[in-house]
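# Survey of secondary and tertiary structure
As a plain string of letters, each chain reads:
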Amino acid sequence: MAADANALTLYDYGAMSNDPLVKKITMGLYDQGVSVLDVLPIANTKSLKANGVRFLAGSLPTVGVRKLNGEPTVVRSVPKRFEEQAYIVSNQFQIDRFLDMEQNAIQDPIDVQFMAWQKSFIRTFSDKFINATPGADDDWFAGIRYRLGSIGQTEYDVPSEMSYVAKTGGSGLDFTLASMTSAIAEEFFEGLDKALDLVGSPEGNGIVIFVNDTLFRRISTAAKRAGGGSLLDQTKDNFDRVITTYRNARLLQLPRKSGDGPNDKIIADTETVAGADGSSDYSSLYVCKFGADSFTGWQFEPLAVKDLGIDPTVGTRRNVVVDWATGLFQANPRSVARIFGIKVK
């Protein structure tokens, strides 16, 4: 069921769709900026629940050896079963039939609504991917911050070492411009290398590093001070958007929340040194390894956009519905990591 790291994303499904409304919404997402939907691989599975197994510490089989004419040793692994659930994104657009037929309008009324929804959708999905918690967001999957927290570590079998403070000793790493020396920059990248090791990809293959805008800029500065600018690489995708990588890991700056206020950052830079919500000067980054045996998404079917036409019960409104059932699938407890306690202000 799980998708490979090279599996299709929501944008890829939109690019291949023959439905003009699906193309209009999914391809229009490119114009709204980079988000989690750019990198999350998605598999098609006609199920609202996904079952799998995880291999925890100590559950791998012992490799046996034998002498000539000897018998092989019987081995058996004992994985732990788990289940993830799909959640449904669903909205309806309504417009009076006369406005829909208006010939003097410069913009199509439905297109205007789609554009606003697209911006909110990519920001909301990215926010929930990081921050959703079962108690406050019952209609969403659990975000990776929750999975890396004390309660989530138990529920999703995530080892406690996958979430750690940026500086040994718990004092936090001073990553402000005024204090960032080459030694501090090198210490930061040492900690980032540790995260890549923990998720099982030292070279960064299949890895995405999620940060906010402040930390994205600060990492760029640190790369210049630690390695003369050679630590980061930049290329462009087919839509002329810049892709920044560290080793082979993609460094992705998340958008703001849909509220779009000055403090509406998906990953805040007002956390405490311990990574809790607060009013201090610290931030976090999240490392995620995508792949069939690591962390993926799935959908019941590709995002559906249905033009229902004029509502027959009223006769005056055109109705368009967007419907998408999707979920997250964490096959490997070590597929996500968090570094907190990074002082950015």
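Residues numbered from 1 in each chain as written. Predicted model: local features only at pLDDT ≥ 70, side-chain atom pairs only at ≥ 80, totals over all residues. Heavy atoms only, no water.

Next up on the list: the overall build of the protein chain. Of regular secondary structure, the protein chain possesses eight helices and 15 strands. Its C-alpha atoms give the protein chain principal-axis dimensions of roughly 80 × 65 × 40 Å. Intrachain contacts of the protein chain at a sequence separation of at least 6 include 74% that bridge at least 24 residues. Here the protein chain contributes 37 positive and 42 negative side-chain charges, whose respective centroids are spaced 4 Å apart. (Helix = DSSP H or I, 4+ residues; strand = E, 2+ residues; numbered from the N terminus. Contact = heavy atoms within 4.5 Å. Lys, Arg positive; Asp, Glu negative; His and termini not counted. Charge placed at Lys NZ, Arg CZ, Asp CG, Glu CD.)

Here we take up the side chain of R318. Mapping R318 onto the fold places it in strand β14 (residues 317–330). In this structure the side chain of R318 is engaged in a polar contact, spanning 2.6 Å, whose partner is the side chain of D307. Other than its neighbours up to four places away in sequence, R318 contacts F93, Q94, I95, D100, I110, D307, G309 and I310. (Polar contact = N/O pair within 3.5 Å; in protein donor to acceptor, adjacent residues only side chain to side chain.)

Turning next to the environment of D137. By the secondary structure assignment, D137 is in the loop between α4 (109–131) and α5 (144–147). Classification of D137 by relative accessible area gives buried; the value is 13%. (Buried < 20%, exposed > 50% of the residue type's maximum accessible area, 1.4 Å probe, protein only.)

Positive phi values are uncommon outside glycine, yet D157 reaches one of about 60°. Structurally, the position occupied by D157 is in the loop between α6 (150–155) and β5 (163–165). With a phi close to 65°, D260 is a non-glycine residue in the positive phi region. In this fold, D260 is placed in the loop between β10 (249–253) and β11 (282–289).

On the surface, V53, F55 and L60 cluster together into a nonpolar patch covering about 280 Å² of accessible area. Relative to the assigned elements, F55 resides in the loop between β2 (49–54) and β3 (80–85). (Patch = residues over 30% accessible without salt bridge, like charges linked within 9 Å, V, L, I, M, F, W, Y side chains within 5 Å. Areas by Shrake-Rupley, 256 points an atom, 1.4 Å probe, with all protein chains shown as cover. Salt bridge = Lys/Arg side-chain N within 4 Å of Asp/Glu carboxyl O.)

Time to look at the confidence of the model for the protein chain. Counting all residues, the mean pLDDT for the protein chain is 87, and 90% of those residues have values of 70 or more. In this model, residues 1–5 is a region of pLDDT below 50 whose contacts with residues beyond four sequence positions or in other chains number 23 contacts. (pLDDT = per-residue confidence, 0-100.)

The next subject is the environment of Y87. With respect to the secondary-structure elements, Y87 resides in strand β4 (residues 87–96). Given the relative accessible area of 17%, Y87 is considered buried. Taking the C-alpha atoms as reference points, Y87 and G170, 83 residues apart in sequence, are found 37 Å from one another. With sequence-adjacent residues up to four places away left out, Y87 is seen in contact with D138, D139, W140, F141, W324, A325 and T326.

In this section: the packing of helix α7 (residues 182–198) against helix α8 (residues 213–227). Running from N to C, α7 and α8 point in directions that differ by 115°, and their axes come no closer than 8 Å. It follows that α7 is roughly perpendicular to α8 by the angle criterion. Here α7 and α8 pass one another in a crossing that is left-handed. On α8, the residues touching S182, A185, E186, F188 and F189 of α7 are I219, A222, A223, R225 and A226. Partitioning the contact of α7 with α8 into residue classes produces seven nonpolar, one polar and two charged. (Axes fitted to C-alpha atoms, helices over the stretch in contact; angles between N-to-C directions. Parallel < 35°, antiparallel > 145°, perpendicular 65-115°, else oblique. Left-handed = near helix turned anticlockwise from the far one by under 90°. Nonpolar A, V, L, I, M, F, W, Y, C, P; charged D, E, K, R; others polar.)

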